[in-house]
Structures are given as structure tokens and as C-alpha cells.
Amino acid sequence: MTSEVAVVGMVLLPLLAALPAVVWPRQGKHFAAVGLVATWVCLTVLWIQLWQGPVSVVLGSWPVPLGIAWAVDGARAALFTLAGAVMTAVLIYARKEFALVHQPEPTSQKGREKLLGQRRQAESFWPLMLLLWTGLNLVVVTDDLFNAYVGLELVSLSAVAVVALAGNAEALSASLRYLAYALMGSLWYLLGVTLLYGQHATLDVGLLSQAAWSTPTDILALAIITVGLFIKTALFPFHAWLPSAHASAPAAGSAVLSALVPKVAFLLILKIWLDAGAAAASPAALNVLGVLGAMAVVYGSLLALRQERLKLLIAWSTVAQIGYLFFVFPLAGGPAQEQPWSTDAWSGMWFQLVSHGLAKAAMFLCAGLWLQALGHDRITGLRGMVNYMPITVLAFGLAGVSLMGLPPSGGFAAKYLLLVAAFAAGQWWWAVVIVLGGLLAALYLYRPLAAAMSRPETPPELKPVAAGWQCLPLLLALTAALLGLASAWPFEALQIGRPDWQEGPL
Amino acid sequence: MSAALPLALLMSSLLPALITFCLPEKARAWRNGLSLGGAALMLTLVVYTLQAVAMGAQFELRYSLVPGLDLWLRTDALSLLFLTLSAALWLLTTIYAINYFGHKPNQSRFFAFFGLCVAATSGIALSGSLITFFIFYELLTLSTWPLVTHKQDERSIAAGRSYLTFALPGSTVLLVAIVWLESAVGPVSFGAPAELQTLSDTSLRWIFLLFMLGLGVKAALVPLHGWLPAAMAAPAPVSALLHAVAVVKAGAFGIVRVIYDVFGIERVAELGVGLGLAVVASVTIVWGSLRALQQTDIKRRLAFSTVSQVSYIVLGAALIGPFAVIGGLVHLVHQGLMKITLFFCAGIYDERADVREVVGLNGLGPRMPWTSVAFSIAAMGMIGLPPMAGFVSKWYLGIGGLQSGQPWVVAVLIASTLLNAAYFLPLLYRLWFLPADAAQSTRPSAESFGLVLPPVATAAVVLAAGLMAGLAFSPLGWATLIVERLYLP
């Protein structure tokens, strides 16, 4: 009973906090705080329950396929935890970013409009974040593909709105472009799901995985769904919307957008290719997914290298880092699912997903704080930051360590596991991309770090930022950087409820 | 106790470093107290461990990460050789650095990363498995960058860039070598050499090459040495530690570990890769010396000298005879002592007499006697004059070369000795026999006790290590113990 309440609570609690935040926007941050605490309590209960085994609940008191199955295992709970950690940091940070300075009522018409705009921005942020969180948790928890669509839409639409918050021309055009892509992705996904329903009369992942995926319609549906999700997860070459959207959103929003939102669609790809449609996953198709991932790693990194603005650089880095996740398909999908190295590949992918989320959120929060202090985010303008805001520079550096995959970070654990799997599978070409990607990450992250370390010719004019705020990204970055050192327990936790996992190392 | 000791050895440098990160710039007394206290504690622990390990004790600590990834700290005779060197020189360098920096800014950052660097070095010394070695090796790379760029000027930033340009691809190659090897034979620990039969000889040769490329960057093997002279832009205490202990030695130590504890002597001999490495090391020895001869900047001359001298260790390891190994291992300590003395002195000349070029040394000897005597002893040791420590290393290396049937090694050693003399003796001549120019001689002599103590102490040890090489706890005695345990298990 407790476990069922906890599962439902993960979706319901953020939603319950979002609704009053819509009605009473001035008090948004207080509702957000209450929702945050409540969801964490719920998550803690869930983890305690999980230790006895995976938990599930069927909604509507009808058995599947009439009812909808919600389930949580170790990996899904890991994603809950990541989302919780990022949301916590972001919702605290947003109190600074959207703090309305108590200034005398502006006399000019223009000044009053500006203040109103700022207020609107602040008031919309809280309910949007909470709705996004609701959608995310829904996609994570549900085993029904249409139910997942609802969650996916909730995430996409809130994300588009967050991008538009700033209200300037750049933000509006970025969010429009995002909206166009997101809608296209949704349509493809919905079309594919409809086809599947016509074929199998169910959209439950568990039941679909037992069905025969043999007809051309099945394959077509699989392809359509996958393309739709590629767009949403911004896999190369469907990534065009991501950098501008992530760079134009307010920093608090960018952190969530980069750390969490693409992962939602990725989770669905995972559910479909490793679970629901595993029967149709041929090695050739899985290799295509891997190759696209490899191209994303290289292309995203090369473009990150060319950016002049920090937020764009971080956004392009997201395009690259998402690519690594797709190596799981050739290494642990289809026939490889039975192989001993699939556990390593699969767990490595999860480590990558979680540590990238933490590190990326930390980076965007750093960028946001620098933006507030300097008034711009040009990389060359960061000179001397190590002397003025040392804590954020340390946080950025530690997050970078995780993105480069250097020990003892979670990124290292991820890369190590993926490398071992690639060598064990004899598919050494993925290993080449993995280590090359690490070097490219070092290249593009070097520029902001070296700039921060250099002495400026003239000291920049800075608005001081209190050390307490700077500690927020540091905490996220430290978690990412030390995840590798404390990786034994997370590794075990990931395996909770994983059917094809054998006890002990390879 | 047996698990607590390696942990305590590591924490004695790691914890002070982490606390120093949080200290405000003004907390001078706290910061210095922490660094000195940590260093003294570490030295005490090392002395205790030394006698225990000499009696045959083993301390180890295992901590599991994801499957296949274990952090494994372990004390054997070889790890203690490196650990003792780091602990002793950390204490002296800390004393030196405190006096060197005085009231300059950004010291909390400096001492924090400095401590982290020492912690990484201790971790390298203590690692009991390949992957543990790699983790600390990377930590060393990362913690060294802020030290190299500490001055924050264009030159330091460029030096830091050059360092990372070599170091990061190097560690990537190293990781590939480790994963390739371990995917075939399982996790490799240094205590029990792995069964390598599952890999073909060709694969093993490739893996060995990758290992040498990855480790050769830090050991500054030609042509991977480009970063080392550039890193001279760093403050003197950093150069001293980089050249004597931390970075270059980590590479050399790794090469010794790979040859003796991963591949094993017999395998390396069968594969015939030792000879190739010995040739590369010899080329490095001669090339480094030739380049040193051309430098007019004192620190750059010393840097190229390091390139040359560190390869003695690699040469000793690659020759695979017991005497050659003793020579190489003992040089790990001897070179550290001599080079740190030279860098301490170069730092004092720079800081207190504003002398950076070789010509500036004219007549400095009588005016800065303590510094110059220490400098001279270390320089003569580098040349290999008896009774200084350097002589012992060269003697054993030469015999080892003959023993391994590679008489050309003796020719390399003689050539190197002549070149060493050619680039060090002019410095000594300028120091003691040439008159100072007018502008210099009016400046007051400025040797302070805290700055001069460390080089004088290390110079004394250089003398003692040569004179008392026969004692069991001299570097030579300990290296002999290591080799006895290697060859006569």
C-alpha cells in the first residue's frame, strides 16, 4: 500500500503544487518549496520500498490492458532522484534569478512595462517548472505508451514556454523553433503509437514486448515513433532546435532543459528499443542508433568548440553528451541483451545520463551566476573569474571533469563501463568515439576554464554574488565529480528489478 | 590497522588540501599549520611503515566501485621508495613555499592544489592495481594545471595549455591500454602478475606501446617532452616538486610498475620490447643534455636536464638486469633530491637576486654562500662525481648495462656525463670564479633562513646518500631490497 501511494505521489505531488501556483502566481515560490519537500519525502519512501524489490501499481483497478500500469525500478528511481536533485537546485537558484529588486515604482511608461514583464516572468516560472516535473515523472513511471505521450507533451510545452520567458526577440524565435520541432516530434510519435494500437490493441510496454513484431506496419510504427523521439531528444541530425532554445532560456530553465528534458524522450526510446519492441530490434538497426550517437558526439563537440558564448557552448555540449547514451543500443540491445557485457553497457549509460544531468545543471547555474555578475556570457569576458568568483569556477571545473569522463567522476564510471563493454563485445570502434569524445570535451571546456584562470587587462565591473549562491552549482558539480567514488551502491541500486542481471561481475 | 595505514597515508595530504580550499586568504597561520602538520604527520607515518615493510609486513585497503573498478591501496617496498621521497620533499617544499610566497595573493588556492598534487602522488605510489594507478594519475594531471597556471599571466596560461595538450591525450592512451588489457585478462593488480596468455604477442606489443606512450608523456620521453620546459613558467616551488617528485616521477614510476608488475620481466624479455624502450631512453638522455647545453635561462637548462635524467630511471627499468634496475630505482630518489635542490636554488636566485639568466650568476657564490654551496653539491651530483649520490646511480646503471649484454649503455652514460659536466661546470665556474658585475655587487645579500634551509638539507642528503650508500636504509639499500624481493621471491 505504502509503495503504491509513493509511486502515485511522485506524479501527483508536483502536480498538486503546480495547480495553486497557477491560481496564486505571486506565491509560486512557496508552493514550489512545499511541492519540493513533499516529493522528496515521497521519493525517500519509494527508495526504502524499492530495497525489497521493484514496485508497481495498476491504475483504475482494472487489470492491464484496460488499466494503466505504473512501475518503478532502480533505474527509474535513479532518474527520479536526478530530477529531484536538479529541480531542488534550480528552484532554490530561481529565487535569486527572479528576485524582484525592490525599487521605487518607475515613473516612465517604459520602465513600468519592463517591471511588469519581469514580474510576469517570475510568476510564470514556478508553475511551469512544476508542470514540467509532473510530466517528466509521468513518463518515467508509466508503462503505457499513450500515457507517456501525455507526459511528453506536458514536458515539451512547459519547456517551450520556459524558453519564451525572457520575452525578447531572440527568445521568442528560439521558442517558436522549439515548438515547431516539438510538435513535429509529438505528431510522429502519436502516429506511430496509433499504428501500434491498431496492430496489437494494447499500448502496454510489457504486453507489447511479448507480441510478435513481424508485420511491415509494426516496423513502420517503430520507425515513425523513433524518429519522433529523436527529434525530442535532439539526437544528431535532429538537434537544430536545441542550442538556441537552451541558450535563450533563463539560466534556471536552461539547467532543467539540458539536464532533464532530452532524457525524457530518450527514456522512451530505451523503453521501446530494449523492451516493447525488442523483438524487432535487429543488429543493423541498433547499429544505426549507435552511429547516430557517435556522430552526435563528434559533431556536437566540434560545434561547441566554435561558440563564442558560454551558454551556447554548454548547449552544444548537451548535443554531444546525449550521443553517448545511444551506444547502449548496439552494446546492450537485441541479441546483445543476453551477453555478459550488456549489464556494463546498460549501467554505464545510466551513469552517463545521471552524471551528465548533474554536471550540466551545475554548468548552466554557473553560467547564470556569471551572467548576473557580468551582464553577458561571452567566453572571452570571463577573464579573471577565478579571482572574483572562485567557487563557481571550481564548480564549473568539477562539472567539466565529469563531462570529460576523468576520474573520480560519475562520467568516468560511465565511460569505463562503456569502454569495457565495447572491448568485451569486440566493437572497439565505439571505444574510439568514447575516448575521442572525452578529448574533444576537454578541448571545448578548456576555453572557458582558461579564460577564467587568466588575469584580465582591466578588472571587469561586477555585481557581487554571495558565496551561498555560488555553492549551489558547486554541490551539483561535487555530486557529479564524486559519483564515481561512491559508485558501488548506485550500481547495485540500478539493477533493482532488472530481469536479465546476474549477480556478480562478468 | 593494516587497512587504516594506507588510508592514513593518503589522508594526511588529502584532508589538509581539502580544508585549505575552504580557508580564507587571510588565514595564513591556519593554512601553513595545516600544510606543515600534514607533511610532518605523513613523514612520521612513512617512517613507521618503512620499518614495518622492511620486516615483511603488508598493508592494504580495498574499496569497491562499479564492478571491475576497485580502489586498491597497498604498501610494498617499491611503493615506499616513491612514497618516502614524496613525503620528505613535500615537507621541505612546503617550508620553502611558505617563505617563497611571503604575502603574495591566492595562497589558499596554491596550497590546496599543492596538497592535492601530493595526495595524487601518494596515491600513485600506494596504488595496488592498474586502474587505481590510473585514477590517481589523472588526479595528478588535473591538480597540476592550476599550479602551472598559478601566476595567471600569458606565459603560465600557455604553459598550462601545452601541459594539457600532452597530458590529456597521454592519459587517454593509457586508459585505452588498461581497458584493452583488462578486457582480456581481468583486473590487473600489481601484487600478482596477470596471466597474459589470452592475448597474442602482437596485441601485447601494441598494448605495451600504448602504455609507454601514455606514461612517456609524464616521464618526458623524447619526443613527448615538449610540455616540460614550457612548464617552467610556474612558480619555483611548483617546478621543484614537478621535476623532482610529482609529475615526471609518476611517469617513470608507472613505467617501472608496468614492466615489473604488469608484464613481468620474462614477458618483456620474450616480447623484445625492453630493448626498444632502452634505446628511446638513451636517445632522450643524450638529446635532453644537448638541448640543456643550448639554454641560457637557468630554469630552462634545468628543465632539459630533467628530461635527460629521468630517462636514467626508464633505462634502468628497460634493461631488465638486477643491477640496472637498482641503478634506475635509486636514481628515482637521487635525481629527486638533486633536482629539487637545484630548483630551490634557482628559485632563490630569481626571487632574491633577480637572476634568471646564466650570465647573472657571475660572482654570486661568495654573496649567497649557502644557496651556492647547495647548488654546487647538487650540480656535481648530477654530473656523477663521487662521492655524491649521482655517482652511485650511474655506477649501477653501467654495471647493469654490461650485465644485460648491452655494452653501448656505458657509452651513453659516458657521453651523458660529459654533457652534464659541459652544462653544469660553467655555472659553477661563474658562481665561484668570475667577478660580479657592478650593479649586482652593490645589492645586499638576501638569504633568509626559511628559504635556504630546504636546499641545504637536500644537498646534505645528496652527500649522505652517496657517502653512506651501504646502509640498509639508504636509497641504495632500499632499492636493493626491492630488487631482491623481485628476483628472489
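Here the structure is a predicted model, which means the values were calculated and not measured. All residue numbers refer to position in the chain's written sequence, counted from 1. Written order determines the labels here, with chains lettered from A and ligands numbered from 1. The predicted origin of the model limits local features to residues at a pLDDT of at least 70 and limits the giving and counting of side-chain atom pairs to 80 or more, whereas totals for whole chains, interfaces and linings rest on all residues. Remark: hydrogens and water are excluded; side-chain values derive from all non-hydrogen atoms of the structure.

## Quick look at the overall build of chain B
Going along the chain from the N terminus, every DSSP run of H or I of four or more residues is numbered as a helix, and every run of E of two or more is numbered as a strand. The number of helices and strands found in chain B is 21 helices and two strands. Every radius of gyration here is taken over C-alpha atoms, with the globule rule written as 2.2 Å times N^0.38, N being the number of residues. Relative to the compact-globule value of 23 Å for 489 residues, chain B shows a C-alpha radius of gyration of 21 Å, a close match. Projected onto the principal axes, the alpha-carbon positions of chain B cover approximately 70 × 55 × 45 Å. Type-normalised accessible area, obtained with a 1.4 Å probe on protein chains alone, sets the label of each residue: buried when under 20%, exposed when over 50%, and partly exposed for intermediate values. Expressed as a percentage of the 489 residues in chain B, the buried residues total 64%. Here a residue-residue contact requires only that any non-hydrogen atoms of the pair lie within 4.5 Å. The contacts of chain B with a sequence gap of at least 6 include a subset with a gap of at least 24, amounting to 80%. Throughout, the Shrake-Rupley method with a 1.4 Å probe supplies accessible areas, and for residues the shown protein chains are the sole cover considered. Total accessible area on chain B stands at roughly 16,100 Å², and carbon and sulfur atoms take up 70% of it. A residue counts as positive if it is Lys or Arg and as negative if it is Asp or Glu; His and the chain ends are not included. Charge positions come from single atoms, namely NZ of Lys, CZ of Arg, CG of Asp or CD of Glu. Mean positive and mean negative side-chain charge positions of chain B (27 and 21 charges, respectively) differ by 8 Å.

## Some points on the overall build of chain A
Across its full length, chain A carries 21 helices and two strands. Taken over the C-alpha trace, chain A has a radius of gyration of 22 Å; the compact-globule value for 506 residues is 23 Å, and the two agree within 12%. Reported as C-alpha extents along the three principal axes, the dimensions of chain A are approximately 70 × 50 × 40 Å. Taking all 506 residues of chain A together, 62% fall into the buried category. Of all intrachain contacts in chain A linking residues separated by at least 6 positions in sequence, the fraction that spans at least 24 positions is 80%. Summed over all atoms, the accessible surface of chain A reaches about 18,400 Å², with 68% contributed by carbon and sulfur. Across chain A, the centroid of the 25 positively charged side chains sits 16 Å from that of the 22 negatively charged ones.

## Some words on the packing of helix α18 (residues 410-424) of chain A against helix α6 (residues 154-185) of chain B
Angles shown run from 0 to 180 degrees and are taken between the N-to-C directions of axes, each axis being a line fitted to C-alpha atoms and, for helices, limited to the stretch in contact. Relative orientation of the contacting elements α18(A) and α6(B) amounts to 50°, with a least axis distance of 9 Å. The angle between the axes of α18(A) and α6(B) places the two elements in the oblique class. α18(A) and α6(B) meet at a crossing whose hand is right-handed. Contacts between α18(A) and α6(B) involve A:Phe412, A:Tyr416, A:Leu419, A:Val420, A:Phe423 and A:Ala424 from the first element and B:Leu175, B:Val176, B:Val179, B:Trp180, B:Glu182 and B:Ser183 from the second. For this classification, Asp, Glu, Lys and Arg are treated as charged, while Ala, Val, Leu, Ile, Met, Phe, Trp, Tyr, Cys and Pro are nonpolar and the rest, including Gly, are polar. Counted by class, the contact of α18(A) with α6(B) contains 10 nonpolar, one polar and one charged residues. An angle below 35 degrees is read as roughly parallel, one above 145 as roughly antiparallel, one from 65 to 115 as roughly perpendicular, and any other as oblique. Crossing chirality is assigned from the near helix's rotation relative to the far helix, an anticlockwise turn below a right angle marking it left-handed and a clockwise turn marking it right-handed.

## Describing the interface of chain A and chain B
Between chain A and chain B, the contact holds 32 residues from the first and 37 residues from the second. In short, buried area is how much 1.4 Å probe accessible area vanishes from two parts on joining, totalled over both. Its largest share of buried area at the contact with chain B, chain A owes to A:Tyr416, A:Tyr446 and A:Met453, together 24% of the area lost on that side. For this document, the term salt bridge refers to a Lys or Arg side-chain nitrogen within 4 Å of an Asp or Glu carboxyl oxygen. Where chain A meets chain B, there are one salt bridge. Residues A:Arg383 and B:Glu154 are paired through a salt bridge, measuring 3.3 Å at the closest nitrogen-oxygen approach. The set of elements that each furnish at least two residues to the side of chain A that touches chain B consists of α16 (385-388), α17 (390-404), α18, α19 (428-453) and α21 (488-494) of chain A. Split by residue class, the side of chain A that touches chain B holds 26 nonpolar, four polar and two charged.

## Things to note about a nonpolar patch on the surface
A residue counts toward a patch only above 30% relative accessible area and without a salt bridge, and it is joined to like-charged neighbours within 9 Å or, for Val, Leu, Ile, Met, Phe, Trp and Tyr, to nonpolar neighbours within 5 Å. On the surface, B:Leu275, B:Val279, B:Val283, B:Trp287, B:Leu290, B:Leu293 and B:Trp408 cluster together into a nonpolar patch covering about 570 Å² of accessible area. Along the chain, the position of B:Leu275 falls in helix α12 (residues 273-294).

## Considering the pattern of salt bridges
Residue and element names in this part refer to chain A. A full pass over the atoms with the stated rule returns 16 salt bridges over all chains. For Arg-309, the salt bridge identified is with Asp-377, shortest N-O distance 2.9 Å. Of this pair, Arg-309 sits in the loop between α12 (283-305) and α13 (310-325) while Asp-377 is found in the loop between α15 (342-374) and α16, placing the two residues 68 residues apart along the sequence. By relative accessible area, which is 26% here, Arg-309 ends up partly exposed.

## Observations concerning empty space enclosed by the protein
Space left empty within the atom packing is revealed by a probe, the size of a water molecule, rolled over the atoms. With a 1 Å grid laid over protein atoms only, a set of points is called a cavity when a 1.4 Å probe fits there but cannot get out and a pocket when it is open yet has protein on both sides within 12 Å along at least five of seven lines; lining residues have an atom within 4 Å of a point. Grid points are joined across faces, edges and corners, and a volume is the space filled by probe spheres set on the points. Counted according to the given criterion, the structure contains seven cavities of 30 Å³ or more. Here the largest cavity defines a volume of roughly 170 Å³. Residue lining of the largest cavity: 16 residues in total, with A:Met404, A:Gly405, A:Leu406, A:Gly438 and B:Thr172 positioned closest to the centre. Looking at the lining of the largest cavity, the elements that each hand over two or more residues are α18 and α19 of chain A together with α5 (130-148) and α6 of chain B.

## Notes on α5(B)
Because each turn of an α-helix spans 3.6 residues, side chains separated by three or four positions end up pointing in the same direction. Compared with an ideal rise of 1.5 Å per residue, which puts 19 residues at 27 Å, α5(B) spans 27 Å between its outermost C-alpha atoms and is within 8% of the ideal. Counting buried residues along α5(B), 17 of its 19 residues qualify, which places the element largely inside the surrounding structure. One less than the residue count of a helix, multiplied by 1.5 Å, gives the span that helix is expected to have.

## Looking at the environment of B:Leu215
All names here are of chain B. As for its placement among the helices and strands, Leu-215 is situated in helix α7 (residues 201-219). We classify Leu-215 as buried; its relative accessible area is 1%. Measuring from C-alpha to C-alpha, the distance between Leu-215 and Ala-250 comes to 8.2 Å, with 35 residues separating the pair along the chain. With near-sequence residues (within four places) excluded, Leu-215 lies in contact with Phe-133, Tyr-137, Leu-174, Gly-251, Gly-254, Ile-255 and Val-258.

## Observations regarding the pairing of strand β1 (residues 59-64) of chain B
Residues and elements named next belong to chain B. Between any two strands, pairing holds if DSSP finds at least two bridges. Pairing between β1 and strand β2 (residues 70-75): six bridges, direction antiparallel. For Arg-62, the partnering residue across the bridge sits in β2 and is Trp-72. In sequence, β1 turns back onto β2 through a hairpin of five residues, with Gly-68 there showing a positive phi of about 90°.

## Side note on the layout of surface pockets
Residues and elements named next belong to chain A. One number sums up the size of the second largest pocket: a volume of about 1,300 Å³. Forming the walls of the second largest pocket are 38 residues, and the residues nearest its centre are Glu-97, Phe-98, Gln-118, Gln-121 and Gln-372. When residues of the lining of the second largest pocket are traced back to their parent elements, those giving at least two are α3 (74-97), α4 (109-141), α6 (169-200), α9 (242-248) and α15. Counting residues per element, the lining of the second largest pocket draws most heavily on α4, at nine residues. Taken together, the residues that form the lining of the second largest pocket break down as 17 nonpolar, 12 polar and nine charged.

## With respect to helix α17 (residues 389-403) of chain B
Residues and elements named next belong to chain B. Compared with an ideal rise of 1.5 Å per residue, which puts 15 residues at 21 Å, α17 spans 22 Å between its outermost C-alpha atoms and is within 8% of the ideal. Of all the residues in α17, the buried ones are Ala-389, Gly-390, Val-392, Ser-393, Lys-394, Tyr-396, Leu-397, Gly-398, Gly-400 and Gly-401. In the core, the buried residues of α17 are packed alongside α13 (298-319), α14 (322-353), α16 (369-383), α18 (408-433), α20 (449-467) and α21 (475-487).

## Points about the confidence of the model for chain B
Confidence in the prediction for chain B averages 90 pLDDT; 98% of positions are at 70 or higher. Scored by ipTM, the complex comes to 0.92, with pTM at 0.94. Confidence scores labelled pLDDT are given residue by residue by the predictor and lie between 0 and 100.

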